[in-house]
Amino acid sequence: KVALKKGKGELVVDFDTRLTGELRPEGHARELVREIQGLRREKKLKLDDQVEVICPETPENRRAIEYFEDLIKQKTLTTALKPGKKLSIHLIKKSS
């Protein structure tokens, strides 16, 4: 949230940097996307190779997946997000 206030001769901008209950799952989903993309790079997968993701069962991951499963799958070309102990990816379908 950004609030603009008029000042004399200068512009003052206040940022509300508090993390709300709505922002936490979104941030965690973005972090999961970043980690999954990193694993894809490590395995040298092509952009259109489809993968299955094993995701650690934590309250944060559960909420992120509950609210942003479609976004995570779309950004990482993931066919399934499954619970497990450690974050890992498995190739499901190699691109042509």
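Just so you know, these numbers come straight off a predicted model, no measurement behind them.

Caption draft 1: Representation of the overall build of the protein. Check the secondary structure of the protein and you find two helices and five strands. When the elements of the protein are put in sequence order from the N terminus, they spell out β-β-α-β-α-β-β. Across the 96 residues of the protein, 28% fall into the buried class. Sequence-distant contacts, at least 24 apart, represent 73% of the contacts inside the protein between residues at least 6 apart. Accessible surface computed for the protein: about 7,400 Å², of which carbon and sulfur atoms make up 53%.

Caption draft 2: Inspection of the nonpolar core at higher detail. Ranked by size, the top nonpolar core spans 16 residues in total, and within it L32, I36, V53, I65, I72, L87 and I89 carry the most contacts. Elements that contribute at least two residues to this core include exactly α1 (23-42), β3 (50-56) and α2 (59-76). With five residues, the top contributor of residues to this core is α1. Leave out the neighbours within four places in its chain, and I65 touches L32, C55, I72 and L81.

Caption draft 3: Quick look at the sheet that holds strand β5 (residues 88-93). Strand order in the open sheet formed by three strands is β4-β3-β5, and the pairing between neighbours is mixed. At either end of the open sheet lies a strand with only one pairing partner, and these are β4 (78-84) and β5. Taken pair by pair, the neighbouring strands of this sheet meet at an average axis angle of 25°, ignoring direction. Across five bridges, the pairing between β3 and β5 is antiparallel. Following the sheet pairing, I54 is matched in β5 by S88.

Caption draft 4: Examining the side chain of D49 more closely. As for its position among the elements, D49 is in the loop between α1 and β3. Here the side chain of D49 touches K46 through a polar contact of 2.8 Å, landing on its backbone nitrogen. Setting aside anything within four residues of it in sequence, one finds D49 in contact with R40, L77, L91, K93, K94 and S95.

Caption draft 5: Local environment of the packing of α1 against α2. In contact at an axis separation of 8 Å, α1 and α2 are set at 50° when each is read in the N-to-C sense. The orientation of α1 relative to α2 falls into the category oblique. Here α1 runs over α2; the crossing is right-handed. Residues P25, E26, H28, A29, L32, V33, I36, Q37 and R40 of α1 form the contact with α2, whose participating residues are E60, N61, R63, A64, I65, Y67, F68, I72, K75 and T76.

Reading the values: rules and limits
Residues numbered from 1 in each chain as written. Predicted model: local features only at pLDDT ≥ 70, side-chain atom pairs only at ≥ 80, totals over all residues. Heavy atoms only, no water. Helix = DSSP H or I, 4+ residues; strand = E, 2+ residues; numbered from the N terminus. Buried < 20%, exposed > 50% of the residue type's maximum accessible area, 1.4 Å probe, protein only. Contact = heavy atoms within 4.5 Å. Areas by Shrake-Rupley, 256 points an atom, 1.4 Å probe, with all protein chains shown as cover. Core = buried A, V, L, I, M, F, W, Y, C linked by side-chain atoms within 4.5 Å. Pairing = 2+ DSSP bridges. Axes fitted to C-alpha atoms, helices over the stretch in contact; angles between N-to-C directions. Polar contact = N/O pair within 3.5 Å; in protein donor to acceptor, adjacent residues only side chain to side chain. Parallel < 35°, antiparallel > 145°, perpendicular 65-115°, else oblique. Left-handed = near helix turned anticlockwise from the far one by under 90°.

By themselves, these observations are geometric and do not establish any function.
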